[in-house]
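Residue-level structural notes
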Amino acid sequence: MGNDGGSIPRRIELVKEAARKPNTTEVKATLLEAQTHAWKICPLSNQPLVAPIVSDSAGVLYNKDAILEKLIPKTDESTEIDALQGRVSCLRDVVEVHFTLMKDGDEEKKVCSVTSKELGPNTKAVYLVPCGHAFWEVAIRELKSNRCVECDEEYLPENIINILPTTSNEISKLAMRINKLRQAGLTHSLKKAPGCKKRRKTAAITTMSDDTSRKDCIISTSNGIKNLATASLTSRVLEEQEERNKRRKIGMNENLKSLFSSKCHSVETYSSDFMTRGFSLPTKK
């Protein structure tokens, strides 16, 4: 049996294979297994993906009810790992993905409505924002159109979102897109981010207060008066004096005087009554 004290095993007998990097076949098999799981299971609830299905800015698929349950504020602070990684803070941060379903026996498979190719871990699928219709990536690239085939809604090339991206180029492209949208005050669904109006109002108020303080400082420094109230009163008097000088110059302009006449037009009066105006009464002979 061994290891009973009668024999001492060597290291080569205990370690049959040395540590090595996985080859390409093993990497592809691991990636395919992870993609298959992500296409079928919601990462939040660990339940099968069923309609309605939503996706965030990174192209990850979730059950919509799981997102709603996650967004409900909780009283107790849980120490669980955030599966959303800060990408979803409201429903505007997700887009509902509309898949075309085709029955295959007892099961329904997701297919591209253009090519009828099955969408899954073996194919690269995309969906459009804001409509959310899903297609095969090659079909969308070959169409070379800016309108959705299903709903005829217009979209931009940067709003073609890869579903469950695997390459670093696709992941970085989606990250750059959401950063630009956040800087513009928009969410993943191209809707306005909540609270952006309040931020703009507060920014406008602060800029207005800064402008008024700068004006007061300029007035005080230009006139050499340290008191702000006295400086503002002095500037107001100077402005009124400038307006009077302008009016005086306008009054002395001969071109403007020629537009007005000093003649008084006499109003025509009628001596007769309005009942007999324009008529002559007959006289008796």
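Residue positions are counted from 1 within each chain, in the order its sequence is given. Per-residue local features of the predicted model are confined to residues with pLDDT of at least 70, and side-chain atom pairs are confined, for both listing and counting, to 80 or more; whole-chain, interface and lining totals are unaffected and use all residues. In computing side-chain properties, one takes all heavy atoms of the structure into account and sets aside hydrogens as well as water.

Take the overall build of the protein next. Put simply, DSSP H or I for four residues or longer makes a helix, DSSP E for two residues or longer makes a strand, and each gets a number counted from the N terminus. Along the protein, the regular secondary structure elements total 8 helices and 8 strands. For the protein, buried positions account for 23% of its 285 residues. Two residues form a contact once any of their heavy atoms are found within 4.5 Å. Long-range contacts, defined here as pairs at least 24 residues apart, represent 46% of the contacts in the protein between residues at least 6 apart. As displayed, the protein has an accessible area near 22,200 Å², and 54% of this comes from carbon and sulfur atoms. A simple rule labels every residue: compare its accessible area, found with a 1.4 Å probe on the protein chains alone, to the largest value its type can have, and call it buried under 20%, exposed over 50%, or partly exposed in between. All accessibility values rest on the Shrake-Rupley procedure with a 1.4 Å probe; residue burial counts only the protein chains present in the view.

Okay, a negative patch on the surface next. Among the surface-exposed residues, Asp-104, Asp-106, Glu-107 and Glu-118 lie close enough to one another that they form a single negatively charged patch. Structurally, Asp-104 is set in strand S4 (residues 100-104). Residues qualify for a patch when their relative accessible area is over 30% and they have no salt bridge, like charges being joined within 9 Å and the nonpolar side chains of Val, Leu, Ile, Met, Phe, Trp and Tyr within 5 Å. Every case where a carboxyl oxygen of Asp or Glu lies within 4 Å of a side-chain nitrogen of Lys or Arg is listed as a salt bridge. As used throughout, the charge tally considers Lys and Arg to be positive and Asp and Glu to be negative, leaving His and the chain termini uncounted. The atoms used to mark charge sites are NZ of Lys, CZ of Arg, CG of Asp and CD of Glu.

Whether two aromatic rings pair depends on their centres lying within 6.5 Å, for rings of Phe, Tyr and Trp, where Trp uses its six-membered ring; planes under 30 degrees apart make the pair stacked, over 60 edge-to-face, and the rest tilted. Going through the model one piece at a time under the given rule, you end up with 1 aromatic pair. Note on geometry: a ring has a charge over it if NZ (lysine) or CZ (arginine) is within 6 Å of the ring centre and within 35 degrees of the ring normal. Over the face of the ring belonging to Trp-136 we find Lys-117, whose NZ or CZ atom lies 5.0 Å from the ring centre.

A contiguous nonpolar surface patch, about 220 Å² in accessible area, is contributed by Val-114, Leu-143 and Val-149. Note that Val-149 resides in the loop between helix H4 (137-143) and strand S8 (160-162).

In globular proteins that are soluble, nonpolar side chains generally tend to be buried together. Buried Ala, Val, Leu, Ile, Met, Phe, Trp, Tyr and Cys residues that are joined via side-chain atoms within 4.5 Å together make up what is termed a nonpolar core. Formed by 34 residues in total, the largest nonpolar core has its most connected members in Trp-39, Leu-61, Phe-99, Tyr-127 and Ile-163. Listing elements by their share of this core, those giving two or more residues are strand S1 (53-55), strand S2 (61-63), helix H3 (64-71), strand S3 (95-97), strand S6 (125-128), strand S7 (134-136), H4 and S8. With near-sequence residues (within four places) excluded, Trp-39 lies in contact with Leu-49, Leu-61, Phe-99, Lys-110, Leu-119, Gly-120, Pro-121, Ala-125, Ile-163 and Leu-164.

This part covers the side chain of Asn-159. Assignment of secondary structure puts Asn-159 in the loop between H4 and S8. For Asn-159, the side chain forms a polar contact with the side chain of Arg-177, separated by 3.1 Å. When near neighbours in sequence (up to four residues on either side) are disregarded, Asn-159 contacts Tyr-127, Leu-128, Val-129, Arg-177 and Leu-190. In the analysis that follows, any N or O atom pair within 3.5 Å is treated as a polar contact, provided that within protein one partner can donate a hydrogen and the other can accept it, and provided that, for residues neighboring in sequence, both atoms belong to side chains.

Further remarks concern the sheet that holds S7. One bridge is not enough; two strands pair if DSSP finds at least two bridges between them. If you trace the 3 strands from one edge of the open sheet to the other, you get S7-S6-S8, paired in antiparallel fashion. Lying at the two open borders of the sheet, with one neighbouring strand each, are S7 and S8. Between one strand axis and the next, the sheet turns through 40 degrees on average, direction left out of account. Sheet topology note: the S6/S8 ladder contains 3 bridges and is antiparallel. Bridging across to S8, Leu-128 finds its partner in Ile-160. Simply put, an axis is a line fit to the C-alpha atoms, just over the touching stretch for a helix, and the angle between two N-to-C directions goes from 0 to 180 degrees.

The next subject is the sheet that holds S2. Ordered by their spatial adjacency, 3 strands build an open sheet running S2-S1-S3, and the pairing between neighbours is antiparallel. Of all the strands in the sheet, the pair left with one neighbour each is S2 and S3. Here the strands of the sheet are splayed against their neighbours by 45 degrees on average, with no regard to which way each runs. Against the sheet, H3 engages S1, S2 and S3, with an angle of about 75 degrees to S2.

Another aspect to go through is the state of the cysteines. Note on disulfides: each one is a pair of cysteine sulfur atoms within 2.5 Å. On inspection of all chains with the given rule, the structure shows 0 disulfides. The structure places no disulfide on Cys-131, whose sulfur is separated from the nearest cysteine sulfur, that of Cys-148, by 3.8 Å. For Cys-131, a relative accessible area of 13% corresponds to the buried category.

Next up on the list: unusual backbone geometry. A cis amide bond links Ala-51 to the next residue, Pro-52, at an omega of 0 degrees. With a phi angle near 60 degrees, Asp-152 is a residue other than glycine that sits in the positive phi range.

What follows deals with the pairing of S4. Note that S4 and strand S5 (residues 107-111) share 5 bridges and pair antiparallel. Bridging from a neighbouring strand, Leu-101 pairs with Lys-110 of S5. Hairpin connection between S4 and S5: a loop of 2 residues separates the two successive antiparallel strands, and Gly-105 in this loop has a positive phi of roughly 75 degrees.

Relative to the elements of secondary structure, Arg-87 occurs in the loop between H3 and S3. One polar contact links Arg-87 to Gln-85, side chain to side chain, over a distance of 3.0 Å. Setting aside residues no more than four positions away along its own chain, Arg-87 makes contact with Asp-56, Ser-57, Ala-58, Val-60, Tyr-62, Asp-93 and Arg-182.

With that settled, the discussion passes to the pattern of salt bridges. Counted by the stated rule, this structure contains 5 salt bridges. Its salt-bridge partner being Glu-154, residue Arg-147 comes within 4.0 Å of it at the nearest N-O pair. With a relative accessible area of 37%, Arg-147 lands in the partly exposed category. Under the relative-accessibility criterion, Glu-154 is labelled partly exposed at 44%.

Okay, the confidence of the model for the protein next. Note on scores: pLDDT gives the predictor's confidence for each residue, bounded by 0 and 100. Overall, the predicted model of the protein reaches an average pLDDT of 78, with 68% of residues at or above 70. Scored below 50 in pLDDT, residues 264-270 shows 1 contact in the model against residues more than four places distant or in partner chains.

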